[in-house]
Amino acid sequence: GIECLVNAVLPVALAAGEWPEAAVEQAFLALPSPGTYGRLKPLERWLAGSGARPFPGAGRLQGGLLLHADYCSRGRCGQCPLSS
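Novice: Give a description of the overall build of the chain that names residues and reports values.
Specialist: Within the chain, the regular secondary structure consists of four helices and zero strands. When the helices and strands of the chain are listed from N to C terminus, the series reads α-α-α-α. Seen through its C-alpha atoms, the chain measures out along the principal axes to roughly 40 × 25 × 25 Å. Both charge centroids of the chain, one from 7 positive and one from 6 negative side chains, sit 14 Å from each other.

Written as structure tokens, this is what we have:
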């Protein structure tokens, strides 16, 4: 599904030179979110407090994973770019 495209197909197509970077970026940004689960559920609930969908697309979901890895899982709550 979408996760396979994001984590395998698109990176391999880019690295192998099968698709130009602009085409890979366009495809990546057009993908819908595969849905939030696991470790991002608490972050989604916190960010959705205003009623917004914090991860509407696959790209935003990947950003959420990065935030979780760099801030949430390291005890840096309140220090991420979304906290200001």
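Novice: Pulling in residues and values, what's your account of helix α4 (residues 58-70)?
Specialist: Counted at 1.5 Å a residue, the expected span for α4 with its 13 residues is 18 Å, and the 18 Å between its end C-alpha atoms agrees. In the core, the buried residues of α4 are packed alongside α1 (2-15), α2 (21-30) and α3 (41-47).

Novice: Any chance you could break down the packing of α1 against α2 for me, citing the residues and the numbers?
Specialist: Between α1 and α2, the shortest axis-to-axis distance is 9 Å and the interhelical angle comes to 165 degrees. By the angle between their axes, α1 is roughly antiparallel relative to α2. Here α1 runs over α2; the crossing is right-handed. Each of V6, L10 and L14 in α1 lies in contact with α2, whose residues at this interface are E21, V24, A27 and F28.

About the thresholds
Residues numbered from 1 in each chain as written. Predicted model: local features only at pLDDT ≥ 70, side-chain atom pairs only at ≥ 80, totals over all residues. Heavy atoms only, no water. Helix = DSSP H or I, 4+ residues; strand = E, 2+ residues; numbered from the N terminus. Lys, Arg positive; Asp, Glu negative; His and termini not counted. Charge placed at Lys NZ, Arg CZ, Asp CG, Glu CD. Expected span 1.5 Å × (residues − 1). Contact = heavy atoms within 4.5 Å. Axes fitted to C-alpha atoms, helices over the stretch in contact; angles between N-to-C directions. Parallel < 35°, antiparallel > 145°, perpendicular 65-115°, else oblique. Left-handed = near helix turned anticlockwise from the far one by under 90°.

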